[in-house]
2 protein chains.
Amino acid sequence: MSEIKIITGGVTAAKGYEAAGCAAGLRKKERLDVAMVYSQVPAKIAGTFTTNVVKAAPVKWDQMIVREEETARAIVLNSGIANACTGAEGLAANAAMADAAAQALGVKSNEILTASTGVIGMQLPLEKIVHGMKLLAEAKAEGAEAAHQAALAIMTTDTIPKEVTVTFEVQGKTVTIGGMSKGSGMIHPNMATMLGVLTTDLAISKKLLQEALSNDVVDSFNMISVDRDTSTNDTLVIFANGLAGNVEITEKDADYEAFCEALHVVTTSLAKIMAGDGEGASKLLEVTVEHAADKPKARTLAKAVITSNLVKTAIYGSDANWGRILCAMGYSGADFDPEVVDITIVSIAGVSKIVANGMATDYSEEFATEILKQEKVTVLVDMKEGDASATAWGCDLTYDYVKINGDYRS
Amino acid sequence: MSEIKIITGGVTAAKGYEAAGCAAGLRKKERLDVAMVYSQVPAKIAGTFTTNVVKAAPVKWDQMIVREEETARAIVLNSGIANACTGAEGLAANAAMADAAAQALGVKSNEILTASTGVIGMQLPLEKIVHGMKLLAEAKAEGAEAAHQAALAIMTTDTIPKEVTVTFEVQGKTVTIGGMSKGSGMIHPNMATMLGVLTTDLAISKKLLQEALSNDVVDSFNMISVDRDTSTNDTLVIFANGLAGNVEITEKDADYEAFCEALHVVTTSLAKIMAGDGEGASKLLEVTVEHAADKPKARTLAKAVITSNLVKTAIYGSDANWGRILCAMGYSGADFDPEVVDITIVSIAGVSKIVANGMATDYSEEFATEILKQEKVTVLVDMKEGDASATAWGCDLTYDYVKINGDYRS
């Protein structure tokens, strides 16, 4: 494994990228609500999108662009309005958003990707969004501050902006991958996450870029869940503009593997931040299923545990109610022998094996509660049936989740 | 359709049944925690059970009895401890519970069904449960009060006991079906409900009794969900002792149909009471999907809506956030055209079509909120693609759900 360094910088850290976040008046006054990530030269693009039958207008647009175009120049995003369930008017508004950005940047409309997040069913206010695109084109800049403004502008119920950046080496050249994402509720990605933008200066073929991204999400963004609700807007795109100066990667060689490893650091880091910042969440819940018969089963079991409302409320209450963990695994659809399963809980407060062979050990409830009281809690499940493992990330279910979603629109 | 009358009386309303609810000391002092339903003559039995891979000891026991025996005499139940994930010791405790009941009743152990509900992973206190069986055998009696005591004894986080009774006619004889059930959390039945006991004096073959029950649950108990967590203990059994005096039903004739209709009134009534009494629930949410292409699709769509945390919190907040309804349908796995869907909300406050052809109508938000503020809210979804329909029942997601489950064991 090559060295992967975690640095700061976000989506403008790789060579040749600019970004901006502006207030276009879609949300409360002065709130940043539009963002742009721009590549100074054409960049190869790849993307993964929601599997929801109900797809937002920008998702339909991006799917077309990613399918038909080799490169793109920018993505523009807005928060506050999802532009989903908005019919022909919504498609037209999205196209107008792309057109306005293209015109302001002096590029073609089919070089612009779009993404929206917010309330479903509302139409984008056309004048405001078009004006917003002009503001972004004027404001775009290199540097970490510009990237940060973009990350801020795409937040909805997120409490923190989400940025991760790494560098690694390819052919002696330093390559950077920067990423930002948003997502706090309606988070149960399937093929992608809520909104995520990744930028790299790596030179790589479009085919391999898409393959790397598609393979990656299966074990990163697709392994997180806040509320089991798969959004209509899930979008993850990556730009690769080649400015790092390496010879373009066109085969699955060691360079490709190095890229995949670095990419996975960025995506799993963003995924974990998203899960821990789930709506109302007070804790990050990490569940690792090990020694499962195969990988799909390990994933299914891990996801069943992090998505169980009963597990999530028990974690909130710091209650080692392990029966709910085994129960959730039991209805996951995966077949297994519950009578061999071990369960161990881990946090900075310590480690305690609470279940051995499907039954309670004589663990201390007090110590278990102490472990579960921490901000990051890991549940290790040993299936004792094979070599496969998988990790999923979620959060606890709290009063605040109910509060946030009981009056989201008010 | 024959006449079906709803009466009072519960599990002792049909001829030849007795019941009891007693305090065996499994829970807080004086709390009723064991129950019995007894047939004065051998009764045909049928049952449906949880599909969870993790099955409680009493579920394993009942599945064996229902598979191998034509008739049984009684079911004994306890609350407080689920006897799940308890290994060989749990199986032995369950057998001891059945043995004690059999001895006290002067029947054989394989004529006794068992059911448990409560905390997973704890062992049954053997002496207390055996003593409880004796108390029940002494206390059992005919009449509505005895049935009511049994319904009370099986409650856990339920706020109300759940009893439904109907009469109908077969061959000029009056037949009665009485039922009781419990269930408030970990409610997402699949093949059965939490705990449900039905008694009838109908004469019917065991084969048809099982078939009627198995077909029934698909559109009754299997269509409710409180929290998407399928229990380890789901058990629904029916006793049919033949004392109504009709000629035994052995074919799917008009008499069989009359029974199925009456049975469905009992099961859907109990199911709705359970959904409305979901943990922390302030409202019953009923979702009817109509004009779907086929029945399985209609069921899938209806269940996706009632199980969405985001829909449930919006209903709690009386917020007509219909995008979440369409979003939940979109990730249900069913394929459909979102751009033809209509959505109408209904309650005693009125009716409002809020979505037409996948987009918002110009409905009044104020009136929509007024409709959603009521204790029972119905969402009608028109798919416009066929003739199939299905109804699912759930509840809102509230602070109290989080509270109840954050410290269930404390």
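Residues numbered from 1 in each chain as written. Chains lettered and ligands numbered in written order. Predicted model: local features only at pLDDT ≥ 70, side-chain atom pairs only at ≥ 80, totals over all residues.

Remarks on the overall build of chain A
Move 1: When you go through chain A residue by residue, the secondary structure sums to 11 helices and 15 strands.
Move 2: For chain A, the C-alpha radius of gyration of 22 Å lies close to 22 Å, the compact-globule estimate for 410 residues.
Move 3: Put simply, chain A has 410 residues, and 63% of those count as buried.
Move 4: Taking as baseline every contact in chain A between residues at least 6 positions apart, the subset at least 24 positions apart corresponds to 80%. (Helix = DSSP H or I, 4+ residues; strand = E, 2+ residues; numbered from the N terminus. Rg over C-alpha atoms; globule rule 2.2 N^0.38 Å. Buried ≥ 20, exposed ≤ 12 C-beta atoms within 10 Å, placed from the backbone. Contact = placed C-beta atoms within 7 Å.)

A word on the interface of chain A and chain B
Interface size is often expressed as the accessible area that is lost when the parts come together.
Move 1: Taken together, the contacts link 52 residues of chain A with 52 residues of chain B.
Move 2: Of all the secondary-structure elements, those providing two or more residues to the side of chain A that touches chain B are helix H8 (309-316), helix H9 (323-330), strand E13 (359-360) and helix H11 (399-406) of chain A.
Move 3: Taken together, the residues of the side of chain A that touches chain B sort by class into 23 nonpolar, 20 polar and 9 charged. (Nonpolar A, V, L, I, M, F, W, Y, C, P; charged D, E, K, R; others polar.)

Regarding the relation of the copies chain A and chain B
Move 1: Take chain A, turn it by 180°, move it 0.0 Å along the axis, and it overlays chain B with an RMSD of 0.0 Å. Considering both components of the superposition, the chain copies are consistent with a two-fold axis. Minimal C-alpha separation from the rotation axis in chain A is found for Tyr399(A), amounting to 2.5 Å.
Move 2: In this assembly the copies share their binding face: 100% of the residues contributing to the interface of chain A also contribute to that of chain B. (Least-squares fit on C-alpha atoms with pLDDT ≥ 70 in both.)

Examining the sheet that holds strand E14 (residues 376-382) of chain A
Residue and element names in this part refer to chain A.
Move 1: The strand order E13-E12-E11-E14-E10-E15 describes an open sheet built from 6 strands, whose pairing is mixed. Every interior strand has two partners, whereas the edge strands, E13 and strand E15 (388-395), have only one.
Move 2: Pairing between strand E10 (residues 284-292) and E15: 7 bridges, direction antiparallel. Note that in E15 the partner of Val287 across the bridge is Ala392. (Pairing = 2+ DSSP bridges.)

What about the nonpolar core?
Move 1: Of all hydrophobic cores here, the largest spans 291 residues; its most connected members are Ala101(A), Ala150(A), Ala101(B) and Ala150(B).
Move 2: Look past the residues within four positions of Ala150(A) in its chain and what remains in contact with it is Val11(A), Ala19(A), Ala20(A), Gly21(A), Ala35(A), Met36(A), Val37(A) and Met180(A). (Core = buried A, V, L, I, M, F, W, Y, C linked by C-beta atoms within 7 Å.)

Let's talk about the domain arrangement of chain A
Residues and elements named next belong to chain A.
Move 1: Taken domain by domain, chain A holds domain 1 (5-276) and domain 2 (284-406).
Move 2: Computed over C-alpha atoms only, the centres of domain 1 and domain 2 are separated by 32 Å.
Move 3: Listed per partner, the contact involves 12 residues of domain 1 and 14 residues of domain 2.
Move 4: Broken down by class, the residue content of the side of domain 1 that touches domain 2 amounts to 5 nonpolar, 4 polar and 3 charged. (Domains from an automatic or database assignment.)

Here's the deal with unusual backbone geometry
Comment: phi is negative for the bulk of residues other than glycine, and the bulk of peptide bonds are trans.
All names here are of chain A.
Move 1: Even without a glycine there, the phi angle at Cys85 is positive, about 60°.
Move 2: Following the sequence through the fold, Cys85 ends up in the loop between strand E4 (71-81) and helix H2 (87-105).
Move 3: For Lys384, which is not glycine, the phi torsion reads 55° and is therefore positive.
Move 4: Note that Lys384 resides in the loop between E14 and E15.

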